[in-house]
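Chains, contacts and geometry: an overview
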Amino acid sequence: MNPITLTTVAEPLIRQALAEDITNEDVSTAAIMPDARSSAVDLIAKADGVLCGLDVFERTFAILDPASRVQRFAQEGSTVCSGQVLATVTGDVRALLSGERVALNYLQRMSGIATYTRRVARLLEGSGTTLVDTRKTTPNMRVFEKEAVRTGGGRNHRYNLSDGVMLKDNHIAAAGGVRQAVAAARAYAPFVRKIEVECETLDQVREAVKAGADIIMLDNMDHTTMAQAVALIDGRAETECSGNIDADNVRAIADLGVDYVSSGALTHSAPILDVSLKHLRMLDEAGINGEGEASTCANAECGEGKQAEQASPSSLCDNSFTAHKCPEHPTVKARR
């Protein structure tokens, strides 16, 4: 995530999420760990998918413990495999315990959206049509969810109501028609903003073209009607099709020649990507665990490591565990 956006927009929301989870104190952690102690824990994928949200994950722990650190073994936007060690988090054990759920909630949600978006975007490859999201986002999660769409290979439609003019069915009804709505928007909106009109019929498409709309959305039209609408527009406006589009039907419209396909399913229907924090160990100042042994690497292929859970590979995961060996054992310290 852009570092300025992370600080100015995302961080206040992360703080709200932490405050929602810790209204007074984390009773469980306070009971068993009254004092600061250094610790480490591994972030492990429990499913195949696209990783997204590492900056948000890292900032969550940094808010609770500015000295915390996240050592990454996978990159933002990369495909990851079930059982793969993605990162190791070190810091005050109280921060790791108290921030775990919030940090994972963001990472799971963002990675799930990026994974689903990648799946849909691949279905449009070679068509010349760009996949975009909508405003159908979870309240107070838009900055995270739209970032996840970009990471997955989609593009963002307008961010919010201040970002552009979109005249939908109820706007058109309130104005008295397509022509009147476009004229009013043209007179009011700054010249730098495009005007998009939602059309449900070919008659509305004709009106929108004549009124000079910049973008015409073909909303909930059948395939034949959309093809007729694209021919009618004939390049005089950019085109977008929308309405209940998801991974099951997006390929069927790839031949229409529309400029954009918008899908609310990218954000409102994507399942999470299951990730987990495992193998927490206490460290002293030398990085040695409290039982006198080194903190070991959790990589499933590492000879020094613990065996991570591993599921059968899926078509999405294009990595293999041989690509994730860590011969230098980045989390391993010399044994006493």
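Residues numbered from 1 in each chain as written. Predicted model: local features only at pLDDT ≥ 70, side-chain atom pairs only at ≥ 80, totals over all residues. Heavy atoms only, no water.

**Some words on the overall build of the protein**
Broken down by element type, the protein carries 10 helices and 12 strands. Counting every position in the protein, which comprises 336 residues, the buried fraction comes to 50%. Across the protein, contacts joining residues at least 24 apart in sequence account for 70% of those joining residues at least 6 apart. (Helix = DSSP H or I, 4+ residues; strand = E, 2+ residues; numbered from the N terminus. Buried < 20%, exposed > 50% of the residue type's maximum accessible area, 1.4 Å probe, protein only. Contact = heavy atoms within 4.5 Å.)

**Overview of the side chain of Arg118**
You can see Arg118 is positioned in helix H4 (residues 93-123). For Arg118, a relative accessible area of 15% corresponds to the buried category. At 3.3 Å, the side chain of Arg118 forms a polar contact with the backbone oxygen of Thr151. Engagement of the side chain of Arg118 in a polar contact is seen with the backbone oxygen of Gly152, the distance being 3.2 Å. Residues within four places of Arg118 in sequence aside, it is in contact with Val50, Gly77, Thr79, Thr151 and Gly152. (Polar contact = N/O pair within 3.5 Å; in protein donor to acceptor, adjacent residues only side chain to side chain.)

**Quick word on a nonpolar patch on the surface**
Residues Ile32, Leu97 and Leu280 make up a contiguous nonpolar surface patch of roughly 250 Å² in combined accessible area. Here Leu97 shows up in helix H4. (Patch = residues over 30% accessible without salt bridge, like charges linked within 9 Å, V, L, I, M, F, W, Y side chains within 5 Å. Areas by Shrake-Rupley, 256 points an atom, 1.4 Å probe, with all protein chains shown as cover. Salt bridge = Lys/Arg side-chain N within 4 Å of Asp/Glu carboxyl O.)

**Section: the pattern of salt bridges**
Using the criterion set out here, one finds 13 salt bridges in the structure. Measuring nitrogen to oxygen at the nearest pair gives 2.8 Å for the salt bridge that ties Arg281 to Asp42. You can see Arg281 sitting in strand S12 (residues 275-282) and its partner Asp42 sitting in strand S1 (residues 38-45), a full 239 residues away along the chain. The same class applies to Arg281 as to Asp42, namely buried. With its nearest N and O atoms 2.9 Å apart, the salt bridge here joins Lys168 to Glu198. Of this pair, Lys168 sits in the loop between strand S7 (165-167) and helix H6 (169-175) while Glu198 is found in strand S8 (residues 195-199), placing the two residues 30 residues apart along the sequence. Lys168 gets classed as partly exposed once you look at its relative accessible area, which sits at 29%. Through salt bridges with shared partners, a single ionic network connects Glu11, Arg15 and Arg59.

**What about the side chain of Asp219?**
Along the chain, the position of Asp219 falls in strand S9 (residues 215-219). Of the side chains with opposite charge, Lys168 lies nearest to the buried Asp219, which makes no salt bridge, at 6.1 Å. Polar contacts involving the side chain of Asp219 include one to the side chain of Asn220, which spans 3.4 Å. (Lys, Arg positive; Asp, Glu negative; His and termini not counted.)

**Here's the deal with the sheet that holds strand S5 (residues 85-92)**
One open sheet holds the four strands; their spatial order is S3-S5-S1-S12, and the pairing between them is antiparallel. Every interior strand has two partners, whereas the edge strands, strand S3 (69-72) and S12, have only one. For this sheet the average axis-to-axis angle between neighbouring strands, irrespective of direction, equals 20 degrees. Relative to S5, S3 runs antiparallel, the two sharing four bridges. What sits directly across from Gln71, in S5, is Thr88. Sheet contacts for helix H3 (residues 54-64): S1, S3, S5 and S12; angle to S3, the most-contacted strand, approximately 155 degrees. (Pairing = 2+ DSSP bridges. Axes fitted to C-alpha atoms, helices over the stretch in contact; angles between N-to-C directions.)

**Structural notes on the confidence of the model for the protein**
Overall, the prediction assigns the protein a mean pLDDT of 88, with 85% of residues at 70 or greater. The low-confidence segment residues 291-313 (pLDDT under 50) makes 63 contacts with residues lying over four places distant or belonging to another chain. Throughout residues 319-336 the model reports pLDDT below 50, and contacts reaching past four residues in sequence, or to other chains, amount to 47 contacts. (pLDDT = per-residue confidence, 0-100.)

**Things to note about the packing of aromatic side chains**
In total, this model carries two aromatic pairs according to the counting rule given. Between Phe57 and Phe61 the ring centres are 5.2 Å apart and the planes differ by 80 degrees, which places this aromatic pair in the edge-to-face class. Here Phe57 pairs with Phe61, and both are found in helix H3, just four residues apart, close to one helical turn. Across the pair, exposure class does not vary: Phe57 and Phe61 are buried alike. Ring geometry for Tyr106 and Phe144: centres 4.6 Å apart, planes at 45 degrees, overall tilted. Linking Tyr106 in helix H4 with Phe144 in helix H5 (residues 142-152), this pair joins segments that are 38 residues apart in sequence. (Phe/Tyr/Trp six-rings, centres within 6.5 Å; stacked < 30°, edge-to-face > 60°.)

**Describing the nonpolar core**
Tyr106, Phe144, Val197, Val205, Ile216 and Leu218 are the most contacted members of the largest nonpolar core, which has 62 residues in total. Residue contacts for Leu218: discarding those within four places in its chain leaves Cys199, Val205, Met226, Ala229, Val230, Ile233, Glu240, Cys241, Ser242 and Val258. Core analysis: the second largest hydrophobic core is formed by 20 residues, Leu43, Val70, Val80 and Leu277 among them. (Core = buried A, V, L, I, M, F, W, Y, C linked by side-chain atoms within 4.5 Å.)

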